[in-house]
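If you want the building blocks of each chain, they are given just below.
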Amino acid sequence: MARAKARRSTYRRSTAARRGSPGYPTLADRRKVSRWLIVAAVVFVLILIPFVGPTIGEAILDFRDALVTRLGLAVLLLVIGLAVNGWLALARRFTLSRTFWRRWVGSVLLAVSVCGIMALFRPDWSVGSTSMSEVTAGGDLGHAMMGSPIGILVWLSLTSLGIVLLWPRQVVWLTQHLPDLWRSLVQMRLPEEVASGLQSLGSIFLPKAEPSSSEPFPALPEGWEEEPTATTPETVVQEEVPVQEAPAQEAEEAASPTEPATATAEPSVTGRPAAHGWELPLLDILQPPQEIEVKHMDNTARAQLIEETLASFGVDARVIQINQGPTITQFGIEPGWEVKTRTVIDRDSRGRPIYDKDGNPKYKTEVVSKTRVRVSQITSLANDVALALAAPTIRIEAPVPGKPVVGIEVPNSAPSLVTLRSVIETTAFQRIAARSKLALGLGKGVSGETVAADLGRMPHLLVAGATGSGKSVCINSIIACLLMHNTAEDLRFVLIDPKRVELAAFAAIPHLAFSRIVIDPEDVVSTLQAVIHEMESRYRRFAAVSVRNIEAYNRSPRAVHKMPYWVVIIDELADLMLAAPYHVERQICRLAQLSRATGIHLIIATQRPSVDVVTGLIKANFPTRIAFAVSSQVDSRTILDGAGAEKLLGRGDMLFQPTDAAKPKRLQGSYVSDQEIERIVRFWTDDRFRHIRPEVADHLLQEVKGVPDVDEEADPLLEQARELAQEHSRISTSLLQRRLHIGYPRAARLIDQLEAEGVVNAAEGGQSRRVVNPREEEPLI
């Protein structure tokens, strides 16, 4: 065996030496001889043509006419192709490889598709004895493809296949980035830009109309449009006096331009008809969606920058989705593979090493292992990606719910405004509003999709966020959305505003359950207790008609009156928890646990989401939550039981956590301006609703506060309270609650009566009250 190996190695070295010697003919020399033999054969054929010219000439002409008839003018492409291939063959510019055959077949297919395009034309030309007007410019081949539906399908298939064969990488790139290109074209707004350009061009070249002497008024300024109203001479005279009207009235006049405007009578605000004489406001009362000029963002470049940044840290990933929303753009990242390779000697089928022409062994790279990139490797590079994109902060959602990608949310350089009207007009909101009266238009998601929710299914909502993050605007948007779709017979509000200014704009609407907005923290306990009494009263009425919830009660023929929904809105929970933490927490939890079936729903907002304000009991009874921008991750975990809210941008950027979702969803909240709120309140406070305004439920507050119609001395527990006070030197409201087994409102009322009788002194800074004449034999406690 050793001798055989030595002989084979000696033969290889001698062979390599002979190939490199000057006397040994190489493969290049043989190809050079073959090329010159081909050239000599062509020259020989050209020399023989004059001797057999007439015979060969007629055959060539017949062959030419046949080619022109079959291919038309595309015969020129055939000649050019043959000439180019001949030149490349003589110049040794190609090899018969797989790439050559792919390009050659693709070129032939595109040439055939050109025949189909040229078959659409019949020029008055003649090539030899063949007229193009008879056979078309694409010949019989092109006419066969364009002459029938099947031929057109064949032409489309050949064209597509030819493009794929010639430019495979470009086709793959175009397929991956086609959604981005389409989105970019839509954002460029080419039709609007062309129309505006033509309009401006027409205004330059077209002559302007000169006002005639018979017109009573001069022409309107440029940029104004005159309403096409059929006015009478009397109406024209009345229009001389300008009238300043509300924006809602201007919108309604624009919607009905045929009605003449009057200067004396201001038109009333009309609405959509509802039951029992009520009307609902039109959408024209809200601000229309604004066409904001958003600067086009090169998302493709940012996606490439994200891929390069991840690759620089050894993470293989690529961007497969780009979703641009009103505030942020989400890039969908698909994790790649971690491939481990090694270099080995290339061997043939028999296991022998393969050598190159110089006698050196060839090497190849083979894959040892292939594992997916872990999601934690991508999330750990959040700060590095933010630095590469020059973004203030980014949020990584790993993974995106319902998609096999990791979402990187990057802020837009120019965020757009999401108006309440743009949300209400969408199909998603109308679908929820069709089955529920408590539909809420929350905003739009990261892809621009509308997000709406049903308050009846939540059934309660907790809103938290730092100051200036958009929390109060969200509350105003919710109230405005409910007022746009519910009359005072369908919905009543209980507004609690310790700040005194956030909800003051809604003080005059007929939807209030009580006569005023609760602004004093001391009245909150009695107000919540009155709501609890209303809840218990509704349960008694449900039992009387044998129903389980408010929907069944309103449908029951045994129900005397229709029962409205109640929405209790507390704008700042922290102030109430400081004033009476025990009572407020107990009453809120009781309402949250039992009030869903009675149609009473809670919306609570706070700007201090700490554990002493948003307690565990409150969180357990409020599964639906909205988190705006907060200052720390601890506050985010208090609201959502997870991080993420500390990376929000503010100004309406929020995380919405519904009951049926595992992860919160990022939204840009809907915005309602002060002018829109003013127009909505003006609509509901119109005089035509004065005679049908429902009665307020202040009697519930009077029952809780102990203001009965009879004398207060009729309370049977007053005597027991007086005896209890004589047994102690100091007495408090909590002592009466424990000893007499009563609630806080009644115990406070008994303390006030004892003070009026002179049994106890006045309060001393929130401490217990001193009894005036206690019994001396009783010990002090």
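These figures come from a predicted structure and were not determined experimentally.

> Sorry if this is basic, but what is going on with the overall build of the protein chain here?
Summing up its helical and strand segments, the protein chain has 29 helices and 21 strands in all. Per-residue burial over the protein chain gives 39% buried out of 781 residues. Counted over contacts in the protein chain with a minimum sequence separation of 6, partners at least 24 positions apart contribute 64%. With an accessible surface of roughly 45300 Å², the protein chain has 57% of that area assigned to carbon and sulfur atoms.

> Is there a simple way to think about the packing of aromatic side chains in this case?
How two aromatic rings sit relative to each other is given by the distance of their centres and the angle of their planes. As enumerated under the stated definition, the model contains eight aromatic pairs in all. Through successive ring pairs, a cluster of aromatic residues spans Trp-278, Phe-683, Trp-684 and Phe-689. Positioned above the aromatic ring of Trp-337, the side-chain terminus of Lys-370 is 4.8 Å from the ring centre.

> How do you make sense of the sheet that holds strand β17 (residues 624–627) when you look at a structure like this?
As a general point, the strands of a sheet are linked pairwise by backbone hydrogen bonds and lie either parallel or antiparallel. Pairing within the open sheet is mixed, and its nine strands lie in the order β12-β11-β19-β18-β17-β13-β16-β15-β14. Taken across any chain shown, the strands that pair with only one partner, and hence form the sheet edges, are β12 (450–454) and β14 (491–496). On average, each strand axis in the sheet is inclined to that of its neighbour by 30 degrees, with strand direction left out of account. With four bridges joining them, strand β18 (residues 653–657) and strand β19 (residues 665–669) adopt antiparallel strand pairing. Looking at the pairing, Met-654 lines up with Leu-667 of β19.

> Help me out: how do you make sense of the pattern of salt bridges in this one?
A side chain with one charge may pair with a side chain of the opposite charge, provided their charged atoms come close. In this structure the tally under the stated criterion is 24 salt bridges. Put simply, Glu-425 and Arg-421 hold a salt bridge, and the shortest N to O gap is 2.8 Å. Relative accessible area serves as the criterion here: at 41%, Glu-425 is assigned to the partly exposed category. The residue Arg-769 makes a salt bridge to Glu-755 at a minimum N-O spacing of 2.7 Å. Here Arg-769 is found in strand β21 (residues 769–770), whereas its partner Glu-755 is found in helix α29 (residues 744–757), with 14 residues between them in sequence. Owing to a relative accessible area of 13%, Arg-769 belongs among the buried residues under this scheme. Shared partners join several salt bridges into a network, and the residues in it are Arg-395, Glu-409, Asp-653 and Arg-666.

> Would you mind going over the sheet that holds strand β6 (residues 328–335) with me for this structure?
If you walk across this open sheet you meet the four strands as β5-β6-β10-β9, and the pairing is antiparallel. Across the chains shown, the open sheet's two edge strands, defined by having one partner strand only, are β5 (317–324) and β9 (395–397). Averaged over neighbouring strand pairs, the angle between their axes works out to 25 degrees when direction is ignored. Where β9 meets strand β10 (residues 406–411), three bridges bridge the pair, whose relative direction is antiparallel.

> Would you explain the pairing of strand β15 (residues 565–570) in this entry?
Consecutive side chains of a regular strand alternate in pointing toward one face of the sheet and then the other. In terms of burial, β15 is largely enclosed, as six of its six residues are buried. Here β15 shows two buried faces, one formed by Tyr-565, Val-567 and Ile-569 and the other by Trp-566, Val-568 and Ile-570. As defined by bridge partners, β14 adjoins β15 across six bridges and the pair is classed as parallel. If you follow Phe-493 over to β15, its bridge partner there is Val-567. Sheet topology note: the β15/strand β16 (residues 600–606) ladder contains five bridges and is parallel.

> Just checking my understanding: could you explain helix α8 (residues 149–166) for this structure?
One full turn of an α-helix is made of 3.6 residues, so residues set three or four places apart face in the same direction. Along its 18 residues, α8 runs 26 Å from first to last C-alpha, staying within 8% of the 26 Å computed at 1.5 Å per residue. Taken as a whole, α8 has its buried residues at Gly-151, Trp-155, Thr-159, Gly-162 and Leu-165. Down the axis, α8 shows its buried residues gathered within 135 degrees of arc, on one side only. In α8, those exposed residues whose orientation departs by more than 90 degrees from the buried face are Pro-149, Ile-150 and Leu-153.

> In this structure, what is going on with the pairing of β16? I would like to understand it.
For β16, the tally of buried residues reaches seven of seven residues, placing the bulk of the element in the interior. On β16, burial covers both faces: Ile-600, Leu-602, Ile-604 and Thr-606 on one face and His-601, Ile-603 and Ala-605 on the other are all buried. Of the pairings in the sheet, the one linking strand β13 (residues 461–464) to β16 comprises four bridges and is parallel in character. When the sheet's bridge partners are listed, Leu-462 is paired in β16 with Ile-604.

> Please clarify how the side chain of Asn-476 should be interpreted in this entry.
Considering the arrangement of structural elements, one finds Asn-476 in helix α18 (residues 471–483). According to the relative accessible area criterion, Asn-476 is buried, its value standing at 12%. Among residues more than four places away in sequence, those in contact with Asn-476 are Glu-502, Leu-503, Phe-506, Val-672 and Ile-677.

> Whenever I open this one, the packing of helix α13 (residues 299–312) against helix α15 (residues 382–389) confuses me. Can you help?
Helix-helix packing is described using two parameters, namely the angle between the two axes and the distance between the axes. Relative to each other, α13 and α15 sit at 135 degrees, their axes nearing to 10 Å. Relative to α15, the element α13 lies oblique. Between α13 and α15 the crossing geometry is right-handed. Here Arg-302, Leu-305, Ile-306, Thr-309 and Leu-310 of α13 come into contact with α15, specifically with Asp-384, Val-385, Ala-388 and Leu-389.

> Just to check I follow, could you spell out the nonpolar core for this structure?
Side chains of nonpolar character tend, in soluble globular proteins, to be buried together. Counting 62 residues, the largest nonpolar core has Ile-479, Phe-493, Leu-495, Ile-569 and Ile-626 as its most contacted members. Counting residues per element, this core draws most heavily on α18, which supplies eight residues.

How each quantity is defined
- Sequence order as written defines residue numbering, which begins from 1 separately in each chain.
- Restriction of local features to residues with pLDDT of at least 70 applies here, the model being predicted, together with a cutoff of 80 or more for giving and counting side-chain atom pairs; totals for whole chains, interfaces and linings are based on all residues.
- Excluding hydrogens and water, the side-chain values take into account all heavy atoms of the structure.
- Helix numbers and strand numbers start at the N terminus; a helix is a DSSP run of H or I with at least 4 residues, a strand a run of E with at least 2.
- For each residue, the accessible area found with a 1.4 Å probe, counting protein chains only, is set against the maximum for its type, and the residue is called buried under 20%, exposed over 50%, and partly exposed in between.
- Two residues form a contact once any of their heavy atoms are found within 4.5 Å.
- Computed by Shrake-Rupley with a 1.4 Å probe, the accessible areas treat only the displayed protein chains as cover when residues are assessed.
- Two aromatic rings from Phe, Tyr or Trp, using only the six-membered ring of Trp, form a pair when their centres are within 6.5 Å; if the ring planes differ by under 30 degrees the pair is stacked, by over 60 it is edge-to-face, and anything between is tilted.
- Comment: the charge-over-ring label is applied if NZ (Lys) or CZ (Arg) is within 6 Å of the ring centre and within 35 degrees of the ring normal.
- For two strands to pair, DSSP has to find at least two bridges joining them.
- Only C-alpha atoms enter the line fits that serve as axes; for helices the fit covers just the stretch in contact. Angles between N-to-C directions range over 0 to 180 degrees.
- Whenever a carboxyl oxygen of Asp or Glu lies within 4 Å of a side-chain nitrogen of Lys or Arg, that contact is scored as a salt bridge.
- Any helix carries an expected span of 1.5 Å times its number of residues minus one.
- The reported arc concerns the directions from the helix axis to the C-beta atoms and nothing else.
- The cut-offs work like this: below 35 degrees is roughly parallel, past 145 is roughly antiparallel, 65 to 115 is roughly perpendicular, and the gaps in between are oblique.
- The handedness criterion is simple: a crossing whose near helix is rotated anticlockwise from the far helix by less than a right angle is left-handed, and one whose near helix is rotated clockwise is right-handed.
- Put simply, buried Ala, Val, Leu, Ile, Met, Phe, Trp, Tyr and Cys residues joined by side-chain atoms within 4.5 Å make one nonpolar core.

In short, the description is geometric, and any link to function would need to be established separately.
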